[in-house]
Amino acid sequence: MIQTGERVSVVMPAFNEQASVGEVVKDFLSLGFVDEIIVVDNDSTDGTSKEAERAGAKIVFEKTRGYGSACIRALKEADAEIVVLVESDGTFAASDLIGMLEALKEADFVSGSRTSRCFNKAGADMSWYKVAGNRVLGKLVSLIYGCAPLIDIGSTYIAVRKETLDQFAHKLRALDASFSAEMYIAAASSGAAMAQIPIGYRARIGSSKLSSGHLSSISIGIKHFKHVFAMRKRYPAAKRPSLYYRNYFIYKTISEILYKGRQKDKYMAAAEVVEEGATALDVCCGDAALIEYLKNKHVDYSGMDINRMFVETAKSRGVNAMRADADKVAALPEADYVIMLSSLYQFIPRHEEILDKLTASARKKVVVSEPIKNVASSKNRAAAWLAERLSDPGTGIKPHRFDQQALLDAIRNRAVVKSEVICGGREFFFVIDAEAENKNVS
């Protein structure tokens, strides 16, 4: 995270944790990349705040008692680009944060799961019924909100991007142990890209403030279960990618039907432009099929896409792929050739700004292929309606499409060195000399 220049704030609630809080603070500071640690003293009656301050933490006092109350206050206090919420009782290890931050590179909200019991230490309070209950509740939240699979919504070891946190933190209301369930529901409802990785869980230092025995734990679990359903009115399900972008088999099948076997033409045309040994960035790369056409040229290929399914599919094939929204990043990574295939319509009416962004990041050429025959433009209203809804990558339905004249208008004043209709008349292909265009801008 140091390489990205992002600041990291670790925040933790604490109620009578004098015996553990100091060591937990030191554990996180020893990582070397944590910029600040904020401990929220929830009206403790022991030396919690003194121990935390002595270890190097900033102290904030929250008089309204309640686990959720302390956590909500902790999340509000942090102002870094990345906010980490963790317990102050010693149950979580700072070293697991490294893997969580790695996962955060392609997600907005990452949490550690305690339900892989092989990772847990002796004495950790994760009985079989707690593991089972958290897995069931996690699956339920995933089903209702369409987010990535969750298997532990009782874990309060999370790393979240501040811009994502700001979208849901102000809605949090649960002041008691139900806070953790609400936090996951609120994050899922906000549309955050969520991920969960297995981490270790240790025996806490001191006595639990939330549960004191099996009956108490079961009671809290039942309350979480009720909370999941009760929160549906406050937290509606977020918009998620259409089925076309969630199921790889459906994606490939529909694509093959639409292109009538000519889909490879755009990959071949793009690969022909890229020089041997060059670097190439494929923006909105989909399943990164282009790389198969570049292998013989020894191209240093990387892909970028907003869709988690595509990124995971590309990575499983050994592709250097990253999850990012080309519309939201300030600048794209530089490469000799920057490529966008069949995705420019997703940015209408700001498509010319996207072309500017592509050109700014390309050292040599920008390569674009874009459909000009679209089912979404069909006179058959039912077919057009269905096509619009199938082509939602998770950022909303895009009703507008290009025809050839609209694309010609968009590139009229650009340094275009090649343009042609390909894929049996379905796509318009063009190449911009980014080197020349950037020199003119300079």
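Residues numbered from 1 in each chain as written. Predicted model: local features only at pLDDT ≥ 70, side-chain atom pairs only at ≥ 80, totals over all residues. Heavy atoms only, no water.

Turning to the packing of aromatic side chains, a few remarks are in order. Applying the stated criterion to the full structure yields 9 aromatic pairs. Judged by centre distance (5.0 Å) and plane angle (45°), the ring pair of Phe 92 and Tyr 157 falls under tilted. Of the two residues, Phe 92 is situated in the loop between strand E4 (82–85) and helix H4 (96–104) and Tyr 157 in the loop between helix H5 (128–145) and strand E6 (158–161); the sequence distance between them amounts to 65 residues. Across the pair, Tyr 157 and Phe 92 agree in class, each one buried. Put simply, the rings of Phe 28, Phe 92, Tyr 157 and Tyr 201 pair up and form one aromatic cluster. The lysine or arginine in question, Arg 114, covers the ring of Tyr 201, its NZ or CZ lying 5.2 Å from the ring centre. The ring centre of Tyr 259 lies 4.8 Å from the NZ or CZ of Arg 426, which sits over that ring. (Phe/Tyr/Trp six-rings, centres within 6.5 Å; stacked < 30°, edge-to-face > 60°. Helix = DSSP H or I, 4+ residues; strand = E, 2+ residues; numbered from the N terminus. Buried < 20%, exposed > 50% of the residue type's maximum accessible area, 1.4 Å probe, protein only. Lys NZ or Arg CZ within 6 Å of the ring centre and 35° of its normal.)

Moving on to the pairing of strand E8 (residues 279–283). Within E8, 4 of the 5 residues are buried, which leaves the element mostly enclosed by the surrounding structure. Direction of pairing for E8 relative to strand E9 (residues 300–305): parallel, over a ladder of 5 bridges. Each bridged residue has a counterpart across the sheet, and for Thr 279 the counterpart in E9 is Asp 300. In the sheet, E8 pairs with strand E11 (residues 335–341) via 4 bridges, with the strands oriented parallel. Its bridge partner being in E11, Asp 282 is matched across the sheet by Ile 339. (Pairing = 2+ DSSP bridges.)

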